[in-house]
Amino acid sequence: MEIQYIGEHLVFGQLGNALITLSFVAALLSTASWWISIKSDEFERNDWIKLAKTSFWIHAVSVIGIIILIYFLIHGRYFEYYYVWQHSNSILPIRYMWACLWEGQEGSFLVWTFWHLVVSFFILYRKDSWQAPVMGVIMVIQAFLASMLLGLELGTIKIGSNPFILLRNHPDFANLPFIRMPDYLSKIQDGRGLNPLLQNYWMVIHPPTLFLGFAATAVPFAYAIAGLATKRIREWITPALPWTLAGIAILGTGILMGGAWAYESLSFGGFWAWDPVENASLVPWLTLVAANHVMIIQRKNGTALGSSIILVVITFLLVLYSTFLTRSGILGDTSVHAFTDLGMKGQLILYMLFFVVWSIALMIKHRVELRGNQDDDAISSREFWMFIGTLVLVVSAIQITVTTSLPVINKVFGTKLAPPEDAVDFYNSWQVPLAFIIASLMAVGQYFRWKSSDTKAVLKRLSLSFVISLLLTAAYQWGFGFNRIQHVLLLFSSIWACTSNADYLIRALKGKLSVGGASVAHVGMALVLLGALVSNGAKQVISQNRLRVDLGKDFPNNENILLYQRDTLPMGEYYVTYKGRTQEDIHIRFEVEYFKQNPENGQLEKDFSLFPFVQLNKQMGNVSEPSTRQYDNRDIYTHVTYAEMEDASAKSDQNGYKEGKEFELRPGDTITTSNSLIVLEGLSRNVDRNKYMIADGDLAVSAQLLVMDVNRKLFRAEPVFILRDSTYFNRPDEIEELGLKFTFEKVLPEENKVKILIAEKEGNSRDFIIMKAIIFPHINLLWIGCILLAVGTWMAVVRRLREARNTD
């Protein structure tokens, strides 16, 4: 007998499934119609174009309908749908509900699809001869993306993942006993919730911006493929250039937003960690920048046609590859951003292979035309140095791609190549020298003329900015003392790129902003490099523990400070006081006051307060987020590395001990209580059997605990674990002076761990935190550079749009 489930709202799922099917079918019909219209005669062409547009609008309405419906279900907390249960809960603030949409794979594909619709609107608005072939390419992409939501299973083949699958039908829940109850929804108290790392305003705008950047890269790709397919091998460059620049601006902005999110929300202390998913979005941006420069070369003197098409195609393929990396599950635990595998690995590979084969086939077909002008560029020409810069960008992209792809290489070739132990240092050892070359080329490139230049005149024009840059480099070096030659070289080249482009904008272009987009963007990029170098290369960790307590290997004393409530300790040029904590819903905020000593009277005067906090999340673990004091020339970045999260109001037993806390420890591990540090030195079977009344047949083992209080006084405790026949029990040990009781609860042989329960007396309760504080000098140069880079690129977009209209 079929179960009649209570409380389900099936009509929404039925509507959603209908919209998914309609979206996919309409995308296929629109794709076919656009391509048939290209081959049709003039009499039939209009009918096919009308059908193509009609089916496109049906597809667009369906996609928008799916998005609205999923948001409606999330907002309404319809937890009978697995996607809603997995990515939201009843306490999630409304401002973060959109982030629930793109946290999952299905939602991220939807957002990507939506942005393709947006760029398609602009292409449809321009009624020119490019409309049909370009829309034909984009609708092929849309058909593949629409298939990602189908959720069909043909034997062992899975096509897409459906966001409207019911909780009771999902493999994670289908076999659970309570699912067979008609009122199973009453057993579900709440949803799993949004990842706490995503509960940040940057994550409301960063992912959609990134996906808009991905969508923008599809347009120059579509123009390139359309040009090859319609035998307009060169003409596609002009209409594609504005889209290439727009893609650079949008994708670059999205990447930098991710850096801002990491800086404000993550506790690793920085804005870029060379995470595989970060790399997967950076690499297409690098190749798109390279593509833009060779497209300009091609447009100016007719060379680099093949390079233009190859780089545009590679950029789009790298976007698809980044999709495979982040959504196939192949990255495993190497990235905090990657999605889990939903069984679509084969479909993602097919998606990539289709466009790889299509692109290569068209390029092979037109290989003769793509060779173009084979004359060598003069070394004194602008195009020569632009092409050198392009090659350096490609080398940079290759190095990042190969290293990021180690899990893929291991999977394909059966190798066991290990990722670098220190990823940041490894990538920097490659990328800093390459960045030096790029910055140097940005400094000199615009001073060369097309075709040929007077080298002496170029050097003369560069001399002023060169001298100014040397002086500024010397000042920076005196102030920060970089001890690596590659850092000093990058320091000089980034300053020179900034000053020379500013000089070019003022003196060569006479301040004409209408043609100065490239100079502004180059200044912005130079400031990004300069800000990244100085803020990271000269950062100063000022939190050094002053108490005579070893905080253990997880909290090195030279990077962390132990602060008891109301104590004031020196830290760098400041004195700091941990004032206390307050809780607001799921956030525990820790108030840390920073003081400076008045040189006249020696009194401490409060300078500012910071409020680092911990976001509580039982499902996914607590998340620590930093608090930053921002100045014009530096940031003081503070985050809590450890704090007790237990309820201070917990009741005590008859001996005055509060409820204990369990720890799983390996020999050598260190843990912290409110008044001491505890090290598990090891286990011992040499137990005083008389003291603990242990029978001859019992198996007994003790945990050897070394305990050190805040005055570095040492104590020992030896709680005992006893196995008798098939039962086990324990004998606790106490340190009365410290008000600590230790219970050896369990041995975990498979994990080489033991479980120790530690209870403290109520009188021990003195709140404390372990905190890390870092000064990032001149980091505002990076953020200013981000803004100028985006502004300059959009200025270039406007210029290229104007030129494209003039050639129509």
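See the structure shown above.
Predicted model, so just to flag it, every value in this text is computed and none were measured. Think of each chain on its own: its residues are numbered from 1, step by step along the sequence as written. Totals for whole chains, interfaces and linings use all residues, but because this is a predicted model, local features are given only for residues with pLDDT of at least 70 and pairs of side-chain atoms are given and counted only at 80 or more. In computing side-chain values, all of the structure's heavy atoms are included and hydrogens and water are not.

(A) How the structure looks around the packing of helix α7 (residues 202-229) against helix α10 (residues 305-327). Here, axes are lines fitted to C-alpha atoms. For helices the fit covers the stretch in contact, and angles between N-to-C directions go from 0 to 180 degrees. By definition, any uninterrupted DSSP run of H or I lasting at least four residues is a helix, any uninterrupted run of E lasting at least two residues is a strand, and each is numbered from the N terminus. At a closest axis distance of 9 Å, the pairing of α7 and α10 adopts a crossing angle of 140°. Between α7 and α10, the interaxial angle falls into the category oblique. Two packed elements cross with a definite hand, and for α7 against α10 that hand is left-handed. Counting all contacts with α7, which are made through F211, F214, T217, A218, P220, F221, A224 and L228, the residues of α10 involved are I309, V312, V313, T315, F316, V319, S322 and R327. For this classification, under 35 degrees means roughly parallel, over 145 means roughly antiparallel, 65 to 115 means roughly perpendicular, and everything else is oblique. For any pair of crossing helices, the crossing counts as left-handed if the nearer helix is rotated counterclockwise from the farther one by less than a right angle, and right-handed if it is rotated clockwise. It only takes one pair of heavy atoms within 4.5 Å for two residues to be counted as in contact.

(B) Local environment of the sheet that holds strand β20 (residues 733-735). Taken together, four strands build an open sheet; the order of strands is β13-β22-β21-β20 and the sheet is antiparallel. Taken across any chain shown, the strands that pair with only one partner, and hence form the sheet edges, are β13 (661-665) and β20. Put simply, the sheet's adjacent strands are angled 30° from each other on average, direction ignored. Only strands that DSSP links by at least two bridges are regarded as paired with each other. Across five bridges, β13 lies against strand β22 (residues 753-760) in antiparallel orientation. Residue pairing for β22: E664 is matched across the bridge by K755.

(C) Layout of unusual backbone geometry. With a phi angle near 65°, K231 is a residue other than glycine that sits in the positive phi range. Three exposure classes are used, based on accessible area relative to the maximum for each residue type with a 1.4 Å probe and protein chains only: buried under 20%, partly exposed in between, and exposed over 50%. By relative accessible area, K231 is classed as exposed at 62%. Of note, the phi angle at R566 is positive, near 75°, even though the residue is not glycine. Within the secondary structure layout, R566 lies in the loop between β4 (561-564) and β5 (568-571). Residue classification places R566 among the exposed positions, given a relative accessible area of 60%.

(D) Molecular detail of a negative patch on the surface. Patches here are clusters of residues that have more than 30% relative accessible area and form no salt bridge, with a 9 Å joining cutoff for like charges and a 5 Å cutoff for nonpolar side chains (Val, Leu, Ile, Met, Phe, Trp, Tyr). Only the protein chains shown count as covering a residue, and every accessible area follows the Shrake-Rupley method with a 1.4 Å probe. Whenever a carboxyl oxygen of Asp or Glu lies within 4 Å of a side-chain nitrogen of Lys or Arg, that contact is scored as a salt bridge. Two residue types count as positive, namely Lys and Arg, and two as negative, namely Asp and Glu; His and chain ends fall outside the count. The location of each charge is read from NZ of Lys, CZ of Arg, CG of Asp or CD of Glu. Negative charge collects at one region of the surface, where D41, E42, E44 and D47 lie side by side. As for its placement among the helices and strands, D41 is situated in the loop between α1 (10-39) and α2 (42-75). Among the residues examined, D41 registers a relative accessible area of 44% and is labelled partly exposed.

(E) Region of interest: the side chain of H116. Assignment of secondary structure puts H116 in helix α5 (residues 105-125). Once you skip the residues sitting within four places of it in the chain, H116 turns out to touch I141, Q142, L145, A215 and A218.

(F) Layout of the pairing of strand β21 (residues 740-748). Summarising the sheet, β20 and β21 pair through three bridges and their orientation is antiparallel. Bridge assignment links I735 to a residue of β21, and that residue is L740. Counting the residues between successive antiparallel strands, the hairpin from β20 to β21 contains four residues, one of them, G739, with a positive phi of roughly 65°. Looking at chain direction, β21 and β22 are connected through eight bridges and run antiparallel. Each bridged residue has a counterpart across the sheet, and for V747 the counterpart in β22 is V754. A loop of four residues connects β21 with β22, the two strands running antiparallel in sequence, and N752 in this loop sits at a positive phi of about 55°.

(G) Representation of the environment of R77. Counting through the fold element by element, R77 comes out in the loop between α2 and α3 (82-87). When the C-alpha positions of R77 and T727 are compared, they lie 46 Å apart, and in sequence the two are 650 residues distant. Contacts of R77, omitting those with residues within four sequence positions, involve V84, N89, S90, I91, L92 and M97.

(H) Here's a closer look at the pattern of salt bridges. For the coordinates displayed, the defined rule picks out 20 salt bridges. Two residues, E593 and K579, come together in a salt bridge whose shortest N-O distance is 3.7 Å. Highlighted residues: E593 in strand β7 (residues 587-597) and K579 in strand β6 (residues 574-584), separated in sequence by 14 residues. Take E593: its relative accessible area is 10%, and that puts it in the buried class. A cluster of three or more residues bridged by salt bridges with shared partners is formed by R299, R799, R800 and E803.

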